[in-house]
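Okay, here's what each chain looks like letter by letter:
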Amino acid sequence: MTSMTDRKNAAISRGVGMTTQIYADRAENAEIWDKEGNRYIDFAAGIAVVNTGHRHPKVLQAVKDQLDRFTHTCHQVVPYENYVELAERLNRLVPGDFEKKTIFATTGAEAVENAIKIARHFTGRSGIVSFSGGFHGRTFMGMALTGKVQPYKAGFGPMMPDVWHLPFPNPLHGVSVEEALKALERLFKSDLEPSRVAAIIIEPVQGEGGFYEVPAGFMEKLRGLCDTHGMLLIADEVQTGFARTGKLFAMEHHGVAADLTTMAKGLGGGLPISAVTGRADVMDSPNPGGLGGTYAGNPLGVAAAHAVLDVIEEEGLCDRAVRLGQRLKQRLAAVQEQVPEIIDIRGPGFMNAVEFNIADTETPAPEFAGRVREEALKRGLILLTCGVNGNVIRFLAPLTIQDAVFDEALDIIEESMVAARG
């Protein structure tokens, strides 16, 4: 009998990488069962998608109710009220004390693409500045913006032009806020006049890049530079949004607002939907027909998003994210004595990570991170690695995870790290 892995290898491009060989059969909140009936605790959440848990009853009911009405008309052909209502909600919720407007798309990469289109149209400029280690999608503009070659850019030829990368301020790896700002100053003096820059795009916490949080004060500096030079600030909140960092949006930690905010992942609670929300004058710049898409703002995704926002508020998931993250980081700190490979434990709310070097050296240890992930999987816990060097494990369990399941996962994390040393 042919295995599922053999069937997958025969049918699907190898370019679609897979972290595990688990084939899901069903899922509930923070647990997944595979086709053989094995049970796993999910500390990936579909890469920060099901922040409200797999199959949250309120999200399921909202989608079922919408299924009974209609599934698709294309909003640009026959519009529908729940699209308008969701835009109104996001206009109120996204940080920024100014009039806002919203568009919907389907994926995070689409949201980023549209934000760049809007920024270029509004400013009449083409230059875009992004950061090393950042991740913004797998489309050609997304790849160009992304500050990581392997596996996202390798072999795909020339990237989109007029995209410039700066070192991300990361004190752990020797890049201070001051050095990052000096690099921007050098860029403006040597290669790119500020008057040609449409926007600076940044993740408030880098996702694929290793869960590094923008240091205090840096976002304010970027905001000031953008205001001085007529550039727009784009916050990529695709992975940080919807309570993951202890706030509905991570930019709330920084005290300044972006001109444009991209979001996806956690917005739909498992259904594909993304959005760009921003200053009304900026969002209104493109001509009718310049934005949109056949599936953009699909009614089922919109219905799910309304339910997700309700659940976050009703169940206090921002506060719960803070509590879960504190418990996880305390447990990791307690393990550090037994696991000298741990060099850093970080992350706001429940967007947490642990980074490994070879013990007593400054050499990244991606093999050790991989062994921890494998040991955890043997014990029924799904973990993800990340980081430019692949030496970071990120923790992205649903914010609704049951206390008993969370405690079980903490035990497995400790056991796996100790076992990886052997």
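- In the annotation of an unreviewed UniProt entry, the protein chain is listed under the name 4-aminobutyrate--2-oxoglutarate transaminase and assigned to Paracoccus caeni.
- Here is the UniProt Cofactor (unreviewed entry) comment for the protein chain, exactly as written: "pyridoxal 5'-phosphate".
- UniProt lists a comment for the protein chain under the heading Sequence similarities (unreviewed entry), and it reads "Belongs to the class-III pyridoxal-phosphate-dependent aminotransferase family."

Observations concerning the nonpolar core
Part 1 of the reasoning: With 63 residues, the main nonpolar core has Phe43, Phe356, Phe395 and Met417 as its most contacted residues.
Part 2 of the reasoning: At the level of secondary structure, the elements contributing two or more residues to this core comprise α3 (57-67), α4 (81-93), α10 (299-314), α11 (317-335), β12 (352-356), α12 (366-378), β15 (392-395) and α13 (403-421).
Part 3 of the reasoning: Apart from residues lying up to four places away in sequence, Phe356 is in contact with Glu341, Ile342, Ile343, Pro364, Ala365, Phe368, Ala369, Val372, Asn391, Ile393 and Met417.
Part 4 of the reasoning: Within the second largest apolar cluster, 35 residues are counted, among which are Phe218, Leu222, Cys386 and Leu396.

Some points on α10
Part 1 of the reasoning: With 16 residues, α10 ought to run about 22 Å at 1.5 Å a step, and its terminal C-alpha atoms sit 23 Å apart, in line with that.
Part 2 of the reasoning: By the criterion of burial, α10 is predominantly enclosed, with 13 of the 16 residues buried.
Part 3 of the reasoning: Where α10 starts, the residue carrying a side-chain oxygen 2.9 Å from the main-chain nitrogen of Leu300 turns out to be Asn298.
Part 4 of the reasoning: Of the residues flanking the end of α10, it is Gly316, one or two places downstream, whose phi is positive at about 60 degrees.

Comments concerning the sheet that holds strand β6 (residues 163-166)
Part 1 of the reasoning: With respect to topology, seven strands assemble into an open sheet ordered β4-β10-β9-β8-β7-β5-β6, the strand pairing being mixed. Where the open sheet ends on each side, the last strands, each with one partner, are β4 (100-105) and β6. Sheet twist, expressed as the average angle between the axes of neighbouring strands with direction ignored, equals 20 degrees.
Part 2 of the reasoning: Across four bridges, the pairing between strand β5 (residues 127-131) and β6 is parallel. The partner of Val129 across the bridge, within β6, is Trp164.
Part 3 of the reasoning: Helix-sheet contacts for α4 involve β4, β9 (260-263) and β10 (274-279), and the interaxial angle to β4 is about 130 degrees.

A closer look at helix α8 (residues 218-229)
Part 1 of the reasoning: The terminal C-alpha atoms of α8 lie 17 Å apart, and with 12 residues this matches the ideal 16 Å at 1.5 Å per residue to within 8%.
Part 2 of the reasoning: In this fold, the buried residues of α8 make contact with β5, α7 (177-190), β7 (197-202) and β8 (232-236).
Part 3 of the reasoning: Backbone geometry just downstream of α8 places Gly230 in the positive-phi region, at approximately 70 degrees.

Considering the sheet that holds β12
Part 1 of the reasoning: Judged by pairing direction, the sheet is antiparallel, and its four strands sit side by side in the order β11-β12-β15-β14 without closing on themselves. One side of each edge strand has no neighbouring strand; the edge strands of this open sheet are β11 (342-346) and β14 (384-386). Averaged over all adjacent pairs, the angle separating strand axes in this sheet is 25 degrees, with direction ignored.
Part 2 of the reasoning: By the bridge criterion, three bridges tie β14 to β15 in an arrangement that is antiparallel. Counterpart to Thr385 in the pairing with β15 is Ile393.
Part 3 of the reasoning: On the sheet, α11 packs against β11, β12 and β15 and is oriented at approximately 165 degrees with respect to β11.
Part 4 of the reasoning: Set on the sheet, α12 makes contact with β12, β14 and β15; between it and β15 the angle comes to about 40 degrees.

What counts and how
The residue numbers shown here count from 1 along each chain, following its written sequence. Only residues with pLDDT of at least 70 get local features here, since the model is predicted, and only at 80 or more are side-chain atom pairs given and counted; chain-wide, interface and lining totals rely on the full set of residues. With hydrogens and water stripped out, all remaining heavy atoms of the structure feed into the side-chain values. UniProt positions are given in the numbering used here, feature names are shortened, and annotations may be inferred rather than shown by experiment. Working definition of a nonpolar core: buried Ala, Val, Leu, Ile, Met, Phe, Trp, Tyr and Cys residues. They are joined through side-chain atoms within 4.5 Å. The buried label applies to any residue whose accessible area, calculated with a 1.4 Å probe on protein chains only, is under 20% of its type's maximum; exposed applies above 50%, and partly exposed to all values in between. Think of it this way: any DSSP run of H or I at least four residues long counts as a helix, any run of E at least two long counts as a strand, and we number them from the N terminus. Pairs of residues are marked as contacts when any of their non-hydrogen atoms sit within 4.5 Å. Take the number of residues in a helix, subtract one, and multiply by 1.5 Å to get its expected span. For this analysis, a polar contact is any N or O atom pair within 3.5 Å, provided that within protein one partner can donate a hydrogen and the other can accept it, and provided that sequence-adjacent residues contribute only side-chain to side-chain pairs. DSSP-based pairing: two strands are paired if at least 2 bridges between them are found. Axis definition: a line fitted to C-alpha atoms, limited for helices to the stretch in contact. Angles are taken between N-to-C directions and run from 0 to 180 degrees.

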